[in-house]
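Chains, contacts and geometry: an overview
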Amino acid sequence: MCGGIIDLRSDTVTRPGNAMREAMAGAAVGDDVYGDDPSVNRLQELAAEVVGTEAALFMPSGTQSNLCALLAHCQRGDEYIVGQTAHTYRYEGGGAAVVGGIQPQPLEFSADGTLDLALVESYLKPEDPHFARTRLLCLENTQYGRVLPLDYLAAARSFVDCHGLALHLDGARIFNASVEQEVPVTEITRHADSVSVCLSKGLGAPVGSVLCGSHSFIEKAHRWRKVLGGGMRQAGVLAAAGIVALTRNVERLADDHVNAVALAAGLRSIDELQVDADAAQTNMVFVGVRRDLLPQLRAELARRGILIGVSGPDRIRLVTHLDVEAADIATAVAAFEEVLRSPPVRRAGRL
Ligand SMILES: *Cc1c(COP(=O)(O)O)cnc(C)c1O
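These numbers come from a predicted model, not from an experiment.

1. Some remarks on the overall build of the protein chain
- Within the protein chain one finds 15 helices and 13 strands.
- Against the compact-globule benchmark of 20 Å for 351 residues, the protein chain has a radius of gyration of 21 Å, which places it among compact chains.
- By principal-axis analysis of the C-alpha atoms, the protein chain measures approximately 60 × 55 × 35 Å.
- Out of the 351 residues in the protein chain, the part that is buried amounts to 54%.
- For the protein chain, contacts bridging at least 24 residues in sequence account for 73% of all contacts bridging at least 6.
- Carbon and sulfur atoms provide 51% of the accessible area of the protein chain, an area that totals close to 15,100 Å².
- For the protein chain, the distance from the average site of its 33 positive side-chain charges to the average site of its 43 negative ones is 7 Å.

In structure tokens form, the structure reads like this:
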């Protein structure tokens, strides 16, 4: 809870706590466009070490991080294969096509958030001037809160090696995956050529992502970051928050997962709600509700200080994070019960 509000819309809503603000206030800084910012340099070294890559680059956002990755992997006229509902394809303004002349080949995700490799294979384009050149497979982990199985990632690695493709992992919530699977994050990232990690989601930093990969890859991404206007100056005040996020806020993601399980369990007892069967693998719970009930449900919950996300006309998305405590879960479930059992919502539903 923060300011009397229980905000379940996203894990991006977290506010920096005291330790993070103190680190930001005390950060040593320099001009990062000259490579002079010690805090940015430290964050980048730390991220590369933790994620298990040669190098890393501090980015203003996950969107810019993914875009720089796509631009570094692909040329104009190349193609990347991606999920229909993947962030890079659906929620980033089509940046790869807009800026890079990179064609997306979107495919349906399987129910577990993977892309079926036989399906991917059937969409690889032959070397022929009729076609874009397929260069890259892009996966997302977690995908709508679902954790990609480790054996799938190994199979995807063999697949891209076999077909001469690169593999980019949009790991906005990669630490949720590693905490859930109880493996070092490197067990996940070792299969990818590049990984984008959000510091500003469950890890609680106010701003920023890190893009991780080989030296030569990061060199190309660095150039694109400048082109896109992402060269920041005394960015150490932000990087300092990222260092706290990576060193102090990873293990506690397990609490968010426990809270999500409790939330899913509580909402399952409410007849008007259909909680997804595999809900709450990590920190997200998706819930179906009749579309005629949803607008008023959302408004009535907001009146009670509970903010919910919407992921379609008849679907709710609830996300746990470091500003949601265990006690808030019971409060939220009670509010859902109260609203859905009160006459005005039922009447509206019959209209
Ligand atoms: C949030 C998110 C991003 C982009 O991050 P921003 O910092 O919001 O630009 C990319 N991929 C996934 C899966 C995300 O959830």
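Back to the write-up after that little detour.
2. So, the nonpolar core
- Core analysis: the biggest nonpolar cluster contains 65 residues, and F58, L137, L139 and F175 have the highest contact counts within it.
- L139 has contacts with L115, L148, Y152, L153, A156, L167, H168, L169 and D170, leaving out every residue within four places of it along the chain.
- Of all hydrophobic cores here, the second largest spans 29 residues; its members include A260, I270, A332 and V333.

3. Side note on the packing of aromatic side chains
- Applying the stated rule across the entire model yields one aromatic pair.
- Each ring, one from Y144 and one from F286, has its centre 5.5 Å from the other, and the planes form 15°; the classification is stacked. Of this pair, Y144 sits in the loop between β5 (133–140) and α7 (150–163) while F286 sits in strand β10 (residues 284–289), and the two are 142 residues apart along the sequence.
- F286 gets classed as buried once you look at its relative accessible area, which sits at 6%.

4. Remarks on the environment of A326
- Looking at the secondary structure, you find A326 in helix α14 (residues 326–340).
- Of the residues examined, A326 reaches a relative accessible area of 54% and is grouped as exposed.
- With 63 residues separating them along the chain, A326 and L263 place their C-alpha atoms 9.3 Å apart.

5. Overview of the site of the ligand
- Near the ligand you find S61, G62, T63, N66, H87, E92, E140, D170, A172, R173, C198 and K201, and these make up its full shell.
- In the model, a nitrogen atom of the ligand is placed 2.6 Å from a nitrogen or oxygen of the D170 side chain.
- The separation between an oxygen atom of the ligand and a polar side-chain atom of K201 is 2.7 Å.
- Computed on the free molecule, the ligand has an accessible area of 380 Å², of which 83% lies beneath the protein chains in the complex.
- Examining the composition of the shell around the ligand, we find that three residues originate from one element, helix α3 (residues 62–73), more than from any other.
- Partitioning the shell around the ligand into residue classes produces two nonpolar, five polar and five charged.

6. A word on the packing of helix α8 (residues 174–181) against helix α12 (residues 253–268)
- Packing of α8 against α12 brings their axes to within 9 Å, and their N-to-C directions diverge by 80°. With respect to α12, the axis of α8 lies roughly perpendicular. The segment α8 lies against α12, with F175, N176, V179 and E180 engaging L253, A254 and H257.
- Taken together, the residues that form the contact of α8 with α12 break down as four nonpolar, two polar and one charged.

7. Overview of the sheet that holds strand β2 (residues 55–59)
- Strand order in the open sheet formed by seven strands is β2-β8-β7-β6-β5-β3-β4, and the pairing between neighbours is mixed. Of all strands in the sheet, those bounded by a partner on one side alone are β2 and β4 (103–107). Averaged over all pairs of adjacent strands, the angle between strand axes in this sheet comes to 20°, irrespective of strand direction.
- Pairing geometry for strand β6 (residues 166–170) and strand β7 (residues 194–198), over three bridges, is parallel. Note that in β7 the partner of D170 across the bridge is S196.
- Sheet strands in contact with helix α2 (residues 38–51) are β2, β7 and β8 (209–213), and its direction is about 125° off that of β2.
- Contacting β2, β3 (78–83), β5, β6, β7 and β8, α3 crosses the sheet at an angle of about 25° to β8.

8. Digging into the sheet that holds strand β12 (residues 309–310)
- Taken together, four strands build an open sheet; the order of strands is β9-β10-β13-β12 and the sheet is antiparallel. What marks the edges here is a single partner per strand, and that holds for β9 (273–275) and β12.
- Relative to β10, β9 runs antiparallel, the two sharing three bridges. Pairing of L273 across the sheet is with V289, part of β10.
- Contacting β10, β12 and β13 (315–319), helix α13 (residues 294–303) runs over the sheet at an angle of about 30° to β13.

9. Here's the deal with the environment of H73
- Locating H73 in the fold gives a position in helix α3.
- As for H73 and H191, which are separated by 118 residues in sequence, their C-alpha atoms are 16 Å apart.
- Among all residues touching H73, those that are not within four sequence positions of it are L136, A166, H168, D193, S194 and F217.

How each quantity is defined
Sequence order as written defines the numbering, with residues in each chain counted from 1. Where totals are concerned, whole chains, interfaces and linings use all residues; where local detail is concerned, this predicted model gives features only for residues with pLDDT of at least 70, and gives and counts side-chain atom pairs only at 80 or more. The side-chain numbers reported here are obtained from all heavy atoms of the structure, hydrogens and water having been left aside. Numbering of helices and strands runs from the N terminus, with a helix taken as a DSSP run of H or I at least four residues long and a strand as a DSSP run of E at least two residues long. Restricting the calculation to C-alpha atoms gives the radius of gyration, and the globule rule supplies 2.2 Å times the number of residues raised to the power 0.38. Here's how the labels work: a residue is buried when its accessible area is under 20% of the maximum for its type, exposed when over 50%, partly exposed in between, all with a 1.4 Å probe on protein chains only. Throughout, a contact is declared for two residues whenever any of their heavy atoms are within 4.5 Å. The Shrake-Rupley method, run with a 1.4 Å probe, gives the accessible areas here. Residue values count only the displayed protein chains as cover. None of His or the chain ends enter the tally, which takes Lys and Arg as positive and Asp and Glu as negative. Lysine's charge is taken at NZ, arginine's at CZ, aspartate's at CG and glutamate's at CD. By convention a nonpolar core is built from buried Ala, Val, Leu, Ile, Met, Phe, Trp, Tyr and Cys residues, the set being connected through side-chain atoms within 4.5 Å. Ring pairs are drawn from Phe, Tyr and Trp, using the six-membered ring of Trp, whenever the two centres fall within 6.5 Å, and their geometry is named by plane angle: stacked under 30 degrees, edge-to-face over 60, tilted for the rest. Think of it this way: one heavy atom of a residue within 4 Å of a molecule or strand is enough to make that residue near it. Polar contact is defined as a pair of N or O atoms within 3.5 Å, subject to the rule that within protein one atom must be able to donate a hydrogen and the other to accept it, and that residues adjacent in sequence are counted only when both atoms are side-chain atoms. Residues are grouped as follows: Ala, Val, Leu, Ile, Met, Phe, Trp, Tyr, Cys and Pro are nonpolar; Asp, Glu, Lys and Arg are charged; every other residue, Gly included, is polar. Axis lines are fitted through C-alpha atoms, for helices just across the contact stretch, and the angle between N-to-C directions can take any value from 0 to 180 degrees. Reported orientations rely on four angle classes, namely roughly parallel under 35 degrees, roughly antiparallel over 145, roughly perpendicular from 65 to 115, and oblique for the rest. Should DSSP find at least two bridges between two strands, the strands are taken to pair.

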